[in-house]
Amino acid sequence: MLLWTRRYLYFFFFLSTIPVILYDVLGLKWLYLPWLPIGLIGTSLAFITGFKNNASYERLWEARKIYGGIVNTSRLLATMTNDFITNEFSKIEIKDDDFFKIKKVIIMRHIAWMTSLRYALRTKKPWETTVISKSDKEQMAVIKVKEHEHTLPEELEGYLSTENQEFVLRMTNKQAACLNLQSKNFKELKLAGFIDNFRHIEFNRIIEQLFTLQGQAERIKNFPYPRQFATLNLFFAWIFIILLPFGLMHEFDKVGITLATTKHTNAIYRLIATNFVWMTVPVSIIISWVFILMERVGDVSENPFEGTRNDVPITTISRAIEIDILEIIGENTQQIPKPHPSYGDTEM
């Protein structure tokens, strides 16, 4: 946290030192503000910041619930694919190896959908903090975000046929194109007699759930936390931080005068008492840091898909889903990829 916000600490030191120099060293004793209005601003700011952080956390938690839904729906799709596609209703029987190929095409296409969705959610938006903040850009340099290091065509390689991959990459909404291909495939299986009407309806219901989860994730990605609330909160925070030392230094000066008038002969005590106004500097830095830290935490929480340390690790979750669903259909262990680093490591 200190490393992340160190630039603010440097500025707070400068911002709190200048008024004290003018007040104490240059003798401008009139240069202060009464504490009561500044305290009222601080109280109002605390409520506004709390509201923003609660709203930002709701966006983060909703994003995590969406990916929890993708986990469950993906496992259900793999289980249904494994059990529902049979020779029971077909006029022409095919072998188990051919069934496995059909099932694997469905599962690999679903992984292509998750991959396309990941890349759509990692697309940078102008309101996101990693586009604006130098501190967040430094953090991003440490974290390995796969979607920023590799292109979507590279990642889709091997999950779709050449024809299907070209079709998906031509579309504006590539994840929706993957679900469209999935739906057409289920229709073909129904017409071939490998699934009956009931099972076809159940597969379509899974497609509907995936469309719903995709739309929920895209809503969070494409609609930011309202800019009027975010901007006003930032302005109020800086107004409070700038005024803070002007209110504190006169209060600390009064305390120092009170201490100096007491009968105490200790030289260190007298030195502290006569310079107690300089306590404005560390206290202002601490109070300002607390408020700006809460403001920054709210900022990085409101966009849970951009790839910062505190975001939903969608790459790691998607790889875990891929492993699960490939195991469900009985894929060869050697063909199943290794998991990504766990949440909190350097890869998101």
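Higher on the page you've got the structure.
Scoring rules and cut-offs
- Residues numbered from 1 in each chain as written.
- Predicted model: local features only at pLDDT ≥ 70, side-chain atom pairs only at ≥ 80, totals over all residues.
- Heavy atoms only, no water.
- Helix = DSSP H or I, 4+ residues; strand = E, 2+ residues; numbered from the N terminus.
- Rg over C-alpha atoms; globule rule 2.2 N^0.38 Å.
- Areas by Shrake-Rupley, 256 points an atom, 1.4 Å probe, with all protein chains shown as cover.
- Lys, Arg positive; Asp, Glu negative; His and termini not counted.
- Charge placed at Lys NZ, Arg CZ, Asp CG, Glu CD.
- Core = buried A, V, L, I, M, F, W, Y, C linked by side-chain atoms within 4.5 Å.
- Buried < 20%, exposed > 50% of the residue type's maximum accessible area, 1.4 Å probe, protein only.
- Contact = heavy atoms within 4.5 Å.
- Patch = residues over 30% accessible without salt bridge, like charges linked within 9 Å, V, L, I, M, F, W, Y side chains within 5 Å.
- Salt bridge = Lys/Arg side-chain N within 4 Å of Asp/Glu carboxyl O.

Our next topic: the overall build of the protein chain. Assigned secondary structure in the protein chain consists of 14 helices and 0 strands. The C-alpha radius of gyration of the protein chain comes to 29 Å, more than 25% above the 20 Å expected for a compact globule of 348 residues. Across its three principal directions, the C-alpha atoms of the protein chain cover 105 × 35 × 35 Å. Summed over all atoms, the accessible surface of the protein chain reaches about 18100 Å², with 63% contributed by carbon and sulfur. Between the averaged position of the 39 positive side-chain charges in the protein chain and that of its 37 negative side-chain charges there is a distance of 5 Å.

Now for the nonpolar core. Nonpolar side chains in soluble globular proteins tend to be buried together. Counting 52 residues, the largest nonpolar core has Tyr 67, Ile 70, Ile 85, Ile 111, Trp 113, Val 168 and Phe 305 as the members making the most contacts within it. Residue assignment for this core shows that the elements contributing at least two residues are helix H2 (35-84), helix H3 (96-122), helix H7 (152-156), helix H8 (162-170), helix H9 (174-191), helix H10 (197-222) and helix H14 (314-328). In terms of residue count, the dominant contributor to this core is H3 (11 residues). Non-local contacts of Val 168, meaning those with residues more than four positions away in its chain, are made with Ser 116, Leu 156, Leu 160, Lys 174, Ala 177, Cys 178 and Leu 181. One finds Leu 9, Leu 15, Tyr 23 and Met 249 within the second-largest nonpolar core, a separate group that totals 12 residues.

This next bit is on a nonpolar patch on the surface. A cluster of nonpolar residues, Phe 11, Phe 14, Ile 18, Ile 21, Val 25 and Leu 26, forms a patch on the protein surface that exposes about 550 Å² of accessible area. Residue placement: Val 25 occurs in helix H1 (residues 6-25).

Let us now look at the pattern of salt bridges. Within this structure, the stated rule accounts for 16 salt bridges. Its salt-bridge partner being Glu 62, residue Arg 219 comes within 2.1 Å of it at the nearest N-O pair. Taken together, the residues span a long stretch of sequence, with Arg 219 in helix H10 and Glu 62 in helix H2 at a distance of 157 residues. Its relative accessible area of 43% is what places Arg 219 among the partly exposed residues. For Glu 147, the salt bridge identified is with Arg 118, shortest N-O distance 2.2 Å. With Glu 147 in helix H6 (residues 146-149) and Arg 118 in helix H3, this residue pair connects regions lying 29 residues apart in the sequence. Classification of Glu 147 as buried rests on a relative accessible area of 7%. Under the relative-accessibility criterion, Arg 118 is labelled buried at 5%. Where salt bridges share partners, they join Arg 118, Arg 122, Lys 146, Glu 147 and Glu 155 into one cluster.

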